[in-house]
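Architecture at a glance
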Amino acid sequence: MKLSPSLLSADFSRLLDEAKSVEPHVERFHWDVMDGHFVPNLTFGPPVVNALRSKLDLPFDIHLMIDHPDRYADRFDIHPDDVIIFHIESEGDPGAMIDLIRQRGARCGITLRPGTGLDAIAPWLDHVTYVLVMSVEPGFGGQTFIPESLDRIRELRRLIDTRDIDIAVDGGINVNTIGPAVAAGADILVAGSAVFGASDRLSAIRTLRAACA
Ligand code: DX5
Ligand code: ZN
């Protein structure tokens, strides 16, 4: 089980310090890029993510919740094992998007809203190494985990079959939901408020890991 804290719930005035405070204790970082169009919230884009990329060692999961992801995917600085994740609902040809991400040197990830059927991403599973299951409607941290996501993780695990693909789960991950998500087949757990909302982050991380044991 790998933890990928979402900086969406961190203090934006101290992003680097916030990330550094947990870096020795987690495996990846999750960046929620939002444009105020694809989702009704606005966060940060390539300039901010790139500024942090040069200061942190862990791999980045860059979750694009934006219109025209093809216009921005090649603007991110990429380190080995970084993933750029696009929504299957965003406009454009998924095949071209996958090519663009790979040309950038990133691993390719795909994701979908809770209401989108897994059949939408099934044709692309041979071309990605990361699938992000949204367990809340994308847009905001601190929402409640949608229980049906557990069936979706299990179904996705069957669909992936023998392919070498990480399943990540994003939204509402906390001490109560992380165990069931891992049991259902999740490899990477994104947690925003459960990590950065806690006064003692290390204790929060330990508690999350213990809840999977
Ligand atoms: C929501 C984002 C999530 C969010 C998760 O659109 O994709 O990554 O930060 O936050 P929590 O863990 O608080 O639900
Ligand atoms: Zn996310």
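Up top is the structure.
All of the points below concern the structure found in this document. Treat the numbers as computed from the prediction; the structure is a model and nothing was measured. Numbering of residues begins from 1 in every chain and follows the order in which that chain's sequence is written. Note on labels: chains are lettered from A, ligands numbered from 1, in written order. At least 70 in pLDDT is required for a residue's local features to be given in this predicted model, at least 80 for side-chain atom pairs to be given and counted, and no such filter applies to totals for whole chains, interfaces and linings, which use all residues. Water and hydrogen atoms play no part in the side-chain values, which are based on all heavy atoms of the structure.

This paragraph deals with the coordination of the zinc ion (ligand 2). Protein ligation of the zinc ion (ligand 2) involves His30 (NE2), Asp32 (OD), His63 (ND1) and Asp170 (OD), the donor distances falling in the range 2.0 to 2.3 Å. Only N, O and S atoms count as donors, using a 2.8 Å cut-off from the metal and 3.2 Å for Na, K and Ca, and because water is excluded some sites may appear unfinished. In these descriptions, tetrahedral denotes four donors with every angle between 85 and 135 degrees, square planar four donors and octahedral six donors with opposite donors over 155 degrees apart and the rest between 65 and 115, and irregular any other case. Classification of the site at the zinc ion (ligand 2) as octahedral follows from its 6 donor atoms and the range of 70 to 168° in their angles at the metal. Counting residues between consecutive donors of the zinc ion (ligand 2) along the chain gives the motif H-x1-D-x30-H-x106-D. Taken together, the residues Asp32 in strand 2 (residues 29-34) and Asp170 in strand 7 (residues 166-170) connect sequence positions 138 residues apart. Accessibility assignment for this pair places Asp32 and Asp170 in one class, buried. Comment: elements are numbered from the N terminus, with helices defined as DSSP H or I runs of at least four residues and strands as E runs of at least two. When a residue's accessible area, from a 1.4 Å probe over protein chains only, is under 20% of the maximum for its type it is buried; when over 50% it is exposed; and in between it is partly exposed.

Working definition: a ring pair exists when centres of Phe, Tyr or Trp rings (six-membered ring for Trp) sit within 6.5 Å. Plane angles under 30 degrees give stacked, over 60 give edge-to-face, the rest tilted. This structure, assessed with the given rule, holds 4 aromatic pairs. With a centroid separation of 5.6 Å and an interplanar angle of 55°, the aromatic rings of Phe12 and Phe44 are classed as tilted. Linking Phe12 in the loop between strand 1 (2-5) and helix 1 (15-22) with Phe44 in the loop between strand 2 and helix 2 (46-53), this pair joins segments that are 32 residues apart in sequence. Look at Phe12 and you get partly exposed, because its relative accessible area is 41%.

Here we come to the site of ligand 1. In the neighbourhood of ligand 1, 20 residues make up the surrounding shell, with Asp32, Gly139, Asp170, Gly192 and Ser193 lying closest. Here His30 contributes a side-chain N or O atom positioned 3.3 Å from an oxygen atom of ligand 1. Note that accessible areas follow from Shrake-Rupley with a 1.4 Å probe, and for residues the cover is restricted to the protein chains shown. Here ligand 1 loses 100% of its free accessible area of 380 Å² to cover by the protein chains. Among the elements that make up the shell around ligand 1, the one with the highest residue count is strand 2 (3 residues). Residues are counted as near a molecule or strand when any one of their heavy atoms sits within 4 Å of it. In the analysis that follows, any N or O atom pair within 3.5 Å is treated as a polar contact, provided that within protein one partner can donate a hydrogen and the other can accept it, and provided that, for residues neighboring in sequence, both atoms belong to side chains.

What follows is about helix 4 (residues 149-160). Within an α-helix, residues lying three or four positions from one another point in the same direction, as the helix has 3.6 residues per turn. Taking 1.5 Å of rise per residue, 12 residues should cover 16 Å, and helix 4 covers 16 Å from first to last C-alpha, within 8% of that figure. The set of residues buried in helix 4 consists of Ser149, Leu150, Arg152, Ile153, Leu156 and Ile160. End-on view of helix 4: buried residues confined to an arc of 160°, all on one side of the axis. Every exposed residue of helix 4 that faces more than 90 degrees away from the buried side is listed here: Asp151 and Arg158. Tucked into the core, helix 4 has its buried residues touching strand 5 (107-112), strand 6 (130-134), strand 7 and helix 5 (178-184). Positive phi shows up at Asp161, right after helix 4, with a value of about 55°. Expected helix span is taken as 1.5 Å per residue step, with the number of steps being one fewer than the number of residues. The arc in question is the one spanned by the directions pointing from the helix axis to the C-beta atoms. The contact criterion used is simple: two residues touch if any of their non-hydrogen atoms lie within 4.5 Å.

Here we come to the sheet that holds strand 3 (residues 60-65). Backbone-to-backbone hydrogen bonds join strands into a sheet, with any given pair of strands oriented parallel or antiparallel. Strand pairing is defined by DSSP finding a minimum of two bridges between the two strands. With parallel pairing, 8 strands are arranged side by side in an open sheet as 1-8-7-6-5-4-3-2. Two strands close off the open sheet at either side, each with one partner strand: strand 1 and strand 2. Taking each pair of neighbouring strands and ignoring which way they run, the sheet shows an average axis angle of 25°. The convention used is that axes are lines fitted to C-alpha atoms, helices contributing only their stretch in contact, and that angles between N-to-C directions extend from 0 to 180 degrees.

Before going further, it helps to spend a moment on the environment of His79. Along the chain, His79 turns up in the loop between strand 3 and strand 4 (83-87). When its relative accessible area of 30% is taken as the criterion, His79 is described as partly exposed. Linking His79 and Arg53, residues 26 residues apart in sequence, is a C-alpha distance of 8.0 Å. Excluding residues within four positions of it along the chain, His79 makes contact with Arg53 and Leu56.

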